[in-house]
Amino acid sequence: MQFKGRIFVVSGPSGAGKGTLVVKLMNRVPYLHLSVSATTRKPRPDEIPGVDYHFLSEEEFLKGVEEGKFLEWAKVHDCLYGTLYDEVKEFLAGGYDVVLEIDVQGALQVKERVPEAALIFISPPSWKELKARLEKRRTETKEAVERRIQNAKAEIKFADKYGYVIINDEVERAAERLVNIVKQERAKKKPTTM
Ligand code: 5GP
């Protein structure tokens, strides 16, 4: 099927600030839907099922994989995460562009399946800053912070596979760049086929 709407993939290590930038993007640009991913990770205290994630058991998740319900999926920090086709197709059909906030493994699967998707990588300004941001969260154990740093090192190697790289050194400037990329890509009017 062909849709007028576009898919925007936003990736970057946790602590790079992509969540904050995506919220600013959603508030500033109309007709964007932020896809709600499925995950086997346990909800954090402030997270709402169906709003932050669809929280699934591993069995439910793998059943969805078998049934071909996922546009992409990957194991990240020992849990499974994935984008449901329904989350994307329903909104593209409704005239929205869809934003996927997903890891690099998932982004590369989307690039393969939907080459017209726009891929945007958010990079932290430095390792020192990334570590400081992760430690400030307090929801994570020391081991989890260390694992996220190792994961970040692996993720950053994939930045050159993305059409755009934004260095999040100053949040307002980075948010404006993100907004401009979305507007610029929209102006190209490339339909999405999936
Ligand atoms: P968190 O557990 O902190 O919410 O997310 C951890 C990582 O999982 C983040 O890097 C995030 O981008 C990634 N992630 C979230 N949803 C998806 C998804 O649907 N697919 C993939 N491949 N990664 C995801």
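So, how was this worked out
- Residues numbered from 1 in each chain as written.
- Predicted model: local features only at pLDDT ≥ 70, side-chain atom pairs only at ≥ 80, totals over all residues.
- Heavy atoms only, no water.
- Salt bridge = Lys/Arg side-chain N within 4 Å of Asp/Glu carboxyl O.
- Helix = DSSP H or I, 4+ residues; strand = E, 2+ residues; numbered from the N terminus.
- Buried < 20%, exposed > 50% of the residue type's maximum accessible area, 1.4 Å probe, protein only.
- Polar contact = N/O pair within 3.5 Å; in protein donor to acceptor, adjacent residues only side chain to side chain.
- Contact = heavy atoms within 4.5 Å.
- Near = heavy atom within 4 Å.
- Areas by Shrake-Rupley, 256 points an atom, 1.4 Å probe, with all protein chains shown as cover.
- Nonpolar A, V, L, I, M, F, W, Y, C, P; charged D, E, K, R; others polar.
- Pairing = 2+ DSSP bridges.
- Axes fitted to C-alpha atoms, helices over the stretch in contact; angles between N-to-C directions.
- Arc of directions from axis to C-beta.

(A) A look at the pattern of salt bridges. Applying the stated rule across the entire model yields 13 salt bridges. Between Glu172 and Lys24 there is a salt bridge whose closest N-O contact spans 3.2 Å. With a gap of 148 residues between them, Glu172 in helix H7 (residues 171–187) and Lys24 in helix H1 (residues 18–28) connect regions that are remote in the sequence. Taking relative accessible area as the criterion, Glu172 reaches 33% and is therefore assigned partly exposed. Overall, Lys24 belongs to the partly exposed group, its relative accessible area being 23%. Shared partners join several salt bridges into a network, and the residues in it are Lys24, Arg28, Glu172 and Glu176.

(B) Examining the side chain of Arg41 more closely. Checked against the element boundaries, Arg41 lands in the loop between strand S4 (38–39) and strand S5 (54–55). Side-chain polar atoms of Arg41 contact the side chain of Glu47, separated by 3.0 Å. Look past the residues within four positions of Arg41 in its chain and what remains in contact with it is Glu47, Tyr53, Phe55, Cys79 and Tyr81.

(C) Looking closely at the site of the ligand. Residues in close proximity to the ligand total 17 residues, the closest being Ser37, Arg41, Tyr53, Tyr81 and Asp103. One of the side-chain nitrogen or oxygen atoms of Asp103 is found 2.7 Å away from a nitrogen atom of the ligand. One of the side-chain N or O atoms of Arg148 is found 3.4 Å from an oxygen atom in the ligand. Here the ligand loses 94% of its free accessible area of 510 Å² to cover by the protein chains. Of all the secondary structure elements, the ones that give two or more residues to the shell around the ligand are strand S6 (70–76) and strand S7 (79–84). Taken together, the residues of the shell around the ligand sort by class into 5 nonpolar, 5 polar and 7 charged.

(D) Region of the structure containing the environment of Arg44. Position of Arg44 relative to the elements: it lies in the loop between S4 and S5. Ignoring anything within four residues of it in the chain, the contact list for Arg44 reads Glu140 and Arg148.

(E) Representation of the sheet that holds S6 within the structure. Strand order across the open sheet formed by 4 strands is S5-S4-S7-S6, with mixed pairing between neighbours. At either end of the open sheet lies a strand with only one pairing partner, and these are S5 and S6. Pairing of S4 with S7 involves 2 bridges; the strand directions are antiparallel. For Ala38, the partnering residue across the bridge sits in S7 and is Gly82. The strands touched by helix H3 (residues 85–93) within the sheet are S5, S6 and S7, with S7 carrying the most contacts at an inclination of about 25°.

(F) Fine view of H3. Every buried residue of H3 is accounted for by Glu87, Val88 and Leu92. Buried positions in H3, seen along its axis, are confined to an arc of 110° and lie on one side of it. Those residues of H3 that are exposed and aimed more than 90 degrees away from the buried face are Asp86, Glu90 and Ala93. Taken from the residues just after H3, Gly95 is the one with a positive phi, measuring 90°.

(G) Examining the pairing of strand S10 (residues 164–167) more closely. By the alternation rule, side chains of S10 split into Tyr164 and Ile166, which are all buried, and Val165 and Ile167, of which none is buried. Summarising the sheet, strand S9 (residues 118–123) and S10 pair through 4 bridges and their orientation is parallel. Note that in S10 the partner of Ser123 across the bridge is Ile167.

(H) Geometry of unusual backbone geometry. A positive phi is found at Tyr31, a non-glycine position, where the angle reads about 55°. Structurally, the position occupied by Tyr31 is in the loop between H1 and strand S3 (32–34). Its identity as a non-glycine residue notwithstanding, Lys189 has a phi of 50°, on the positive side. Mapped onto the elements of the fold, Lys189 is located in the loop between H7 and strand S11 (192–193).

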